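Summary of the model geometry
Next come the chains, spelled out residue by residue.
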Amino acid sequence: MTGRERLPVVFAPAADARLSSWIARMAPFYAMTVPEFLAELGFLGCDVFDLEWRLSEGEGALIGARTGVSAEAVQAMTFGELIPEARVMIRRNRHHCPQCPAAVQSKSAALPWVFRCTVHGANLEDVTGGSLSDLLGAGQLAAMEAHAKAGAAILDAWAHDACQQGFGPVEMLALLTVRHRRASPPSAREQPRMSQQTRRDYHEFLTTPIIRQALTVVVPEYDAVAPVLAKPVRPGLHSLAQGSLLQAFALAVGIGRIAETPVDQTISVLLKSDADGQGQVRDALRSWPLSLRRRISARLWRAQRDERERQVAQKPTRRRQSHEYRRVQSHECRSRIS
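Residues numbered from 1 in each chain as written. Predicted model: local features only at pLDDT ≥ 70, side-chain atom pairs only at ≥ 80, totals over all residues. Heavy atoms only, no water.

A few words now on the overall build of the protein. Looking only at helices and strands, one finds 18 helices and 2 strands in the protein. Of the contacts formed within the protein by residues at least 6 apart in sequence, a portion of 67% connects residues at least 24 apart. (Helix = DSSP H or I, 4+ residues; strand = E, 2+ residues; numbered from the N terminus. Contact = heavy atoms within 4.5 Å.)

Put into structure tokens, the structure is as follows:
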């Protein structure tokens, strides 16, 4: 082959295929590595993942001329329509559909807020083969699905630069990933059942401080099933860029719930925050619209009052000591000797 001839055999791009997957399928057919195949296409020294992020019009036309695939179809396999902040979330190997061929990596599965295959409708699995139904249970997953879809829609609109400015997933993630309490070792509820000897053997684990984030308040289902050492997520957008399948799903659910009731969700976080955490939560809310922050402040003091009254009502009534003088003082009663 020469650099100008059209390739004799070209695989038709699969539905929802990404550019890197399509090229990786054709390179072995020509007994080449991916870099060698790219050099044959005219992209010497280029990285295939860089091409699917930032493929220019001329580069798309060059690939189309060598493969016979239209430039529009080549561009459709890239992530060029996403804003730069969203492109950093695309990972080389993220989630996969169990019904898709192993050699085909779908474009939508590379997005951290997509949890079902757009071709087969099956739930995506992580690199270990675990699914959300295995982690959460089918019933729990179904109960959280509505908020997850709402959060995914908000993230998708933001990634395509169609999200409402001023209050979007970036501002919501700032709240979800903020530390609302000081780091503390695993509680008794978080610790697995173990013998005294096992506790001594795992003393370092049981005393390791764990970062406490508002995500566990907004999505308590995640707090109940996530491994204790893997509960913390990275701050901001990095939480979606580098998080696991379970973490990405929990963040999408959290975004959906905050979008539905932003004031209630924020107040619930503030009520469960300690003194230092409340300051950090307020710092995270500085990027929120002023009207929302005023509504939160107006309702917060009432919620704090109601919470104090509830805690007082739950405490057992203490027996009050009488301040009346006794008619017979204790020193006047002598002890009898048997």
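Further notes follow.
Quick look at helix α2 (residues 34-41) now. Along α2, the residues classified as buried are Phe 37, Leu 38, Glu 40 and Leu 41. The buried residues of α2 all sit within an arc of 155° when viewed along its axis, so they share a single face. Where α2 is buried, its residues touch α1 (19-29), α3 (48-53) and α4 (57-67). Note on α2: the residue one or two positions beyond its end, Gly 42, has a positive phi of about 105°. (Buried < 20%, exposed > 50% of the residue type's maximum accessible area, 1.4 Å probe, protein only. Arc of directions from axis to C-beta.)

A few words on the side chain of Thr 67. Secondary-structure assignment places Thr 67 in helix α4. Thr 67 gets classed as buried once you look at its relative accessible area, which sits at 3%. At 3.3 Å, the side chain of Thr 67 and the backbone nitrogen of Val 69 are in polar contact. (Polar contact = N/O pair within 3.5 Å; in protein donor to acceptor, adjacent residues only side chain to side chain.)

Turning to the packing of helix α16 (residues 262-271) against helix α18 (residues 290-314), a few remarks are in order. α18 packs onto α16 with a crossing angle of 50° between their chain directions and a minimal axis gap of 9 Å. With respect to their mutual orientation, α16 and α18 come out oblique. Both α16 and α18 take part in a crossing whose hand is right-handed. Residue-level inspection shows Pro 262, Val 263, Asp 264, Thr 266, Ile 267, Leu 270 and Leu 271 of α16 in contact with α18, the latter providing Leu 292, Arg 295, Ile 296, Arg 299, Leu 300, Ala 303, Gln 304 and Glu 307. Residue composition of the contact of α16 with α18, grouped by class: 9 nonpolar, 2 polar and 4 charged. (Axes fitted to C-alpha atoms, helices over the stretch in contact; angles between N-to-C directions. Parallel < 35°, antiparallel > 145°, perpendicular 65-115°, else oblique. Left-handed = near helix turned anticlockwise from the far one by under 90°. Nonpolar A, V, L, I, M, F, W, Y, C, P; charged D, E, K, R; others polar.)

On average, residues of the protein score 84 in pLDDT, and 88% of them are at 70 or above. Within the model, the stretch residues 330-338 combines pLDDT values under 50 with 1 contact to residues more than four positions away or in other chains. (pLDDT = per-residue confidence, 0-100.)

Looking now at the pattern of salt bridges. All chains considered together, the criterion is met by 9 salt bridges. The residue Glu 81 makes a salt bridge to Lys 107 at a minimum N-O spacing of 3.2 Å. Taken together, the residues span a long stretch of sequence, with Glu 81 in the loop between α5 (71-76) and α6 (84-87) and Lys 107 in the loop between α6 and α7 (132-136) at a distance of 26 residues. Of the charged contacts in the structure, one is a salt bridge between Arg 182 and Asp 276, with a shortest N-O distance of 2.8 Å. Here Arg 182, found in strand β1 (residues 179-184), pairs with Asp 276, found in helix α17 (residues 275-284); they are 94 residues apart in sequence, far enough to count as distant. For Arg 182, a relative accessible area of 59% translates into the label exposed. You can call Asp 276 partly exposed: its relative accessible area is 37%. (Salt bridge = Lys/Arg side-chain N within 4 Å of Asp/Glu carboxyl O.)

Here the focus is α4. Taken as a whole, α4 has its buried residues at Gly 60, Ile 63, Gly 64, Arg 66 and Thr 67. On an axial view of α4, the arc spanned by its buried residues comes to 170°, and they lie on one face. Opposite the buried face of α4, by more than 90 degrees, sit the exposed residues Glu 57, Gly 58 and Ala 65. In the segment just after α4, Gly 68 is the residue with positive phi, at about 85°.

Scanning the entire structure with this criterion turns up 0 disulfides. Among the cysteines around Cys 97, which has no disulfide bond, Cys 117 carries the closest sulfur, lying 3.7 Å off. The class of Cys 97 is buried, set by a relative accessible area of 5%. (Disulfide = S-S within 2.5 Å.)

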